[in-house]
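# Chain and residue survey
What follows is the residue order along each chain.
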Amino acid sequence: MLTYFSRQERLVLNGLVLVILIGSVCSYLFKRYPQLGNIVNVMDTDRLILKTDVNTATFDELVEIPYIGPVTARKILEYREEKGHINAVSELQGLPGIRDENYKKFLVYVVARSLSDN
Amino acid sequence: MKIKIHRPFIVVAIPFALGVVLSGVMDSSFRMAVLFVCLLLFSSFIFKRIRLLSTVFLLGAIMSCGFLYTQARNSLASDHLSHVAKYYPRKLVLIEGVIVSDVEERSSFKGKKTMFHLQVTRLKTKWGWKEKSGKLLVNLFRESDLSYGDVIIIEGRLHQPFEFSKSDTFSYRDLLARKGIRHILSVKARGRVEVIRRGEGFVLKQLSLKAKRRFKNVLNETLSMNEAAIMRAILLGDRHDIPKHVRELFQLSGVAHVLAISGLHIGIVSFLFFMLLKMLPISRRWQYGLTVLLLLFYALLTGGRTSVVRATIMASVFISSFILERETDVFNVLSFAALVILLLNPNNLFDVGFQLSFLSVFSIIVFYPRISKLLKQLMRHHKSRGIAYLIQSISVSSAAYLGVLGLIAYYFQIITPISVFANIIIIPLIAVIVSLGMGLMIVAFTIPTAVVAFAVCIKLLLNAMVVCIFLFTKVPGAYVLIRGISVKVVILYYCGLGALILGGFFLEKRARSPDLQK
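Residues numbered from 1 in each chain as written. Chains lettered and ligands numbered in written order. Predicted model: local features only at pLDDT ≥ 70, side-chain atom pairs only at ≥ 80, totals over all residues. Heavy atoms only, no water.

### With respect to the overall build of chain A
When its secondary structure is counted, chain A shows five helices and two strands. Mapped in sequence order, the helices and strands of chain A form the string α-α-β-α-α-α-β. Taken over the C-alpha trace, chain A has a radius of gyration of 24 Å; the compact-globule value for 118 residues is 13 Å, which it surpasses by more than 25%. Principal-axis analysis of the C-alpha atoms gives chain A an extent of 80 × 30 × 30 Å. (Helix = DSSP H or I, 4+ residues; strand = E, 2+ residues; numbered from the N terminus. Rg over C-alpha atoms; globule rule 2.2 N^0.38 Å.)

Encoded structure:
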């Protein structure tokens, strides 16, 4: 019986059994504990976004960030120069020239690291 | 007895490609070029008794053929739309044509937009409808039920492609020109679009696009938005929906190549097709033959990108060699694939995908055995399956990286040393994900209730893969951003690599020949 299936057939069948096993167990767990699904699904969250530090970013780097155009980038740089250091990203909210809806969109792509971090 | 390997396609592909390059840099009269080809062919015939001289003339003729072929292909017909486009600046024009590509829906700053290629047949002028030719990219700023093969009348504004990129190494206008598109037709949300006839296209392409649409729906229904976007890229070749932050992670860790369908994907897909066909009560030859046909259908389905075509041709030739019971030489097959792709469109030579695809395979063929041998010698005291796998993976990964390093530094302005190690984990993961994706497609049409099992496994592995890639980007020195690498530096790098290959061949030959050693 062991020699009934060829090597490749056994590989495919093993794979199929494994898929059904893992798939069934995980879908059961995801239904039972919805928070597990949220932990696994990292791609649809902002956990994997490589954030740009507004304290060290150059004009070109800021413009590369989605929802930050040349005007917004210039405003951020002017504010940074004026203040010396940005302590929190929230400081950018409400700055003249930065619209609120735009701020909410680019918020996930930026971070304000402290001086010790840099 | 030493067997001399005959590689005719290398000898044809290289001068032909040189001819294509020359057509891009040289400005010569078409008639003169024709005369030159005839003269070289005639000389080759005249000196047929002096084999070396005859071959030199023949190679010259092949090179000039590459030049001529490219010039002929890039020349515009007398009724080409480009000749009259300048007379309609910012004006609405009415055009009749056939949709010759897949109709794609994308999001734009104005909401949804529909994009497709239109083969122009007629243009409405002051003097009535006039026969015209040429291909347009149509941007229709609304959703529509148009599909491949529809004959339509459409009203919009003609303009040249805009240059979006600030990069010196990428031009959107050139990219479209390589596909034979010189103008864009922008149609407003309320613009006129009238379908005259349907189903004018090539039947097989219609079928493949229908299958593609159904596959897309399956992926969209079973996975989350971002997961489906990645799966659409690695299974169907649609990369435009991948979120920017995920794409960036792949680029920074040097594994962006897994997002494009290439030899790895085609290899897995052929294996799966073959395994399915093995269940049918048909002879082995038929199984091989049908695998090739299914592969060709798959290549059509994925839009026929150069990396897919290259991998499909190579896989088909290798499978056919089993049917014909003939030996194949990998260099010869690679050159054959290059020649076919250049004959389909010589401008493909200037495509980044073409250059990366061929250079990586060439580099793997040349460097893999040597790097592997070196690593085996270094690790000769550690013999286990894990170490053997590690040696094999590092050898393939570093061999491919050596080949594409110069081009990646030039085009993408980045060097990613981490990719050599990242590939060791990502390649096996992507192999399993592609297999699961193909399984999901098959199951969705046969046992829809079992879809959940496949979808959950894909979800787990995809997220695990992206987390791994994220962690790789966090390794110190994982990537180095470099600006302004010039063509001279790239040429110098490849000259060095070429010298290394030649030196290696010479040393190996010397080591093998006892006379030379003395």
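### As for the overall build of chain B
For chain B, the helix and strand inventory stands at 18 helices and ten strands. On C-alpha atoms alone, chain B measures out to a radius of gyration of 25 Å, which is about the 24 Å that the 2.2 N^0.38 rule sets for 518 residues. Taken over the C-alpha atoms alone, chain B extends approximately 85 × 70 × 55 Å along its principal axes. Within chain B, the fraction of its 518 residues that count as buried is 47%. The long-range fraction of contacts in chain B, counting pairs at least 24 apart against all pairs at least 6 apart in sequence, stands at 72%. Carbon and sulfur atoms form 65% of the exposed surface of chain B, whose accessible area is close to 28100 Å². (Buried < 20%, exposed > 50% of the residue type's maximum accessible area, 1.4 Å probe, protein only. Contact = heavy atoms within 4.5 Å. Areas by Shrake-Rupley, 256 points an atom, 1.4 Å probe, with all protein chains shown as cover.)

### Digging into helix α14 (residues 385-412) of chain B
Within α14 of chain B, the axis deviates most sharply at valine 404 of chain B, by approximately 50°. Just past α14 of chain B, the residue glutamine 413 of chain B takes up positive phi, approximately 55°. (Bend = angle between axes of the 7 residues up to and from the residue.)

### Here we look at the nonpolar core
Residue and element names in this part refer to chain B. Core analysis: the largest hydrophobic core is formed by 107 residues, its most contacted members being Ile230, Met231, Phe250, Ile266, Leu440, Leu462 and Met465. Among all residues touching methionine 465, those that are not within four sequence positions of it are Phe250, Ile426, Leu429, Ile430 and Ile433. Membership of the second largest hydrophobic core comes to 21 residues, among which are Ile95, Leu118, Val120 and Leu123. (Core = buried A, V, L, I, M, F, W, Y, C linked by side-chain atoms within 4.5 Å.)

### What about the packing of helix α9 (residues 263-277) of chain B against helix α11 (residues 306-324) of chain B?
All names here are of chain B. Here α9 crosses α11 at 45°, and the two axes come no closer than 9 Å. Taken together, the axis directions place α9 and α11 in an arrangement best described as oblique. Crossing of α9 against α11: the hand is right-handed. Each of Gly263, Ile266 and Ser270 in α9 lies in contact with α11, whose residues at this interface are Val308, Arg310, Ala311, Thr312, Ala315 and Ile319. Of the residues belonging to the contact of α9 with α11, the class tally is five nonpolar, three polar and one charged. (Axes fitted to C-alpha atoms, helices over the stretch in contact; angles between N-to-C directions. Parallel < 35°, antiparallel > 145°, perpendicular 65-115°, else oblique. Left-handed = near helix turned anticlockwise from the far one by under 90°. Nonpolar A, V, L, I, M, F, W, Y, C, P; charged D, E, K, R; others polar.)

### Considerations on unusual backbone geometry
Backbone geometry places glutamine 413 of chain B, a non-glycine residue, at a positive phi of 55°. Along the polypeptide, glutamine 413 of chain B turns up in the loop between α14 and β9 (414-415).

### Digging into the state of the cysteines
Residues and elements named next belong to chain B. Taken as a whole and assessed by the stated rule, the structure comprises zero disulfides over all chains. In this structure cysteine 65 is a free cysteine whose sulfur lies 9.1 Å from that of cysteine 38, the closest cysteine sulfur available. A residue is classified by how much of its surface remains accessible, and cysteine 65, at 35% relative accessible area, is partly exposed. (Disulfide = S-S within 2.5 Å.)

### Observations regarding the environment of alanine 88 of chain A
Looking at where alanine 88 of chain A falls in the secondary structure, it is placed in the loop between α4 (70-83) and α5 (100-106). In this structure the C-alpha to C-alpha distance between alanine 88 of chain A and valine 111 of chain A, which are 23 residues apart in sequence, comes to 7.6 Å.

### A look at the confidence of the model for chain A
When pLDDT is averaged along chain A, the result is 83, and 94% of the positions lie at 70 or above. α4 of chain A holds the highest mean pLDDT among the elements of chain A, 88, whereas α5 of chain A holds the lowest, 83. (pLDDT = per-residue confidence, 0-100.)

### A few points about helix α3 (residues 51-74) of chain B
Residue and element names in this part refer to chain B. Helix length check: α3 (24 residues) gives 34 Å between terminal C-alpha atoms against 34 Å at 1.5 Å per residue, within 8%. The set of residues buried in α3 consists of Ser54, Gly60, Ala61, Ile62, Ser64, Gly66, Phe67, Leu68 and Thr70. Buried residues in α3 make contact with α1 (8-25) and α2 (30-46). (Expected span 1.5 Å × (residues − 1).)

### As for the interface of chain A and chain B
At the junction of the two partners, chain A supplies 26 residues and chain B supplies 29 residues. A buried area of about 2300 Å², summed over both sides, lies between chain A and chain B, and 74% of it is on carbon and sulfur atoms. Considering only the surface of chain A that becomes buried against chain B, Met43, Leu48 and Leu50 of chain A emerge as the three largest contributors, covering 33% of it. At the junction of chain A with chain B, the criterion picks out zero salt bridges. Between the two partners, chain A and chain B, sit six residue pairs in polar contact (both at pLDDT 80 or more). Element by element, the count of residues in the side of chain A that touches chain B is highest for helix α1 (residues 7-32) of chain A, at twelve residues. Classifying every residue of the side of chain A that touches chain B by side-chain character gives 16 nonpolar, six polar and four charged. (Buried area = accessible area lost by both parts, 1.4 Å probe. Salt bridge = Lys/Arg side-chain N within 4 Å of Asp/Glu carboxyl O. Polar contact = N/O pair within 3.5 Å; in protein donor to acceptor, adjacent residues only side chain to side chain.)

### Some details on the pattern of salt bridges
All names here are of chain B. Overall, the coordinates contain 15 salt bridges over all chains when judged by the stated rule. Close ionic contact of aspartate 238 with lysine 216 constitutes a salt bridge, the shortest N to O distance being 2.9 Å. Taken as a pair, aspartate 238 in the loop between α7 (225-236) and α8 (244-252) and lysine 216 in helix α6 (residues 203-222) lie far apart in primary sequence, 22 residues in all. Among the salt bridges present, the one from arginine 232 reaches aspartate 241, with a minimum N-O distance of 2.9 Å. Taking the relative accessible area as the measure of exposure, arginine 232 reaches 9% and is therefore buried. A residue is classified by how much of its surface remains accessible, and aspartate 241, at 35% relative accessible area, is partly exposed.

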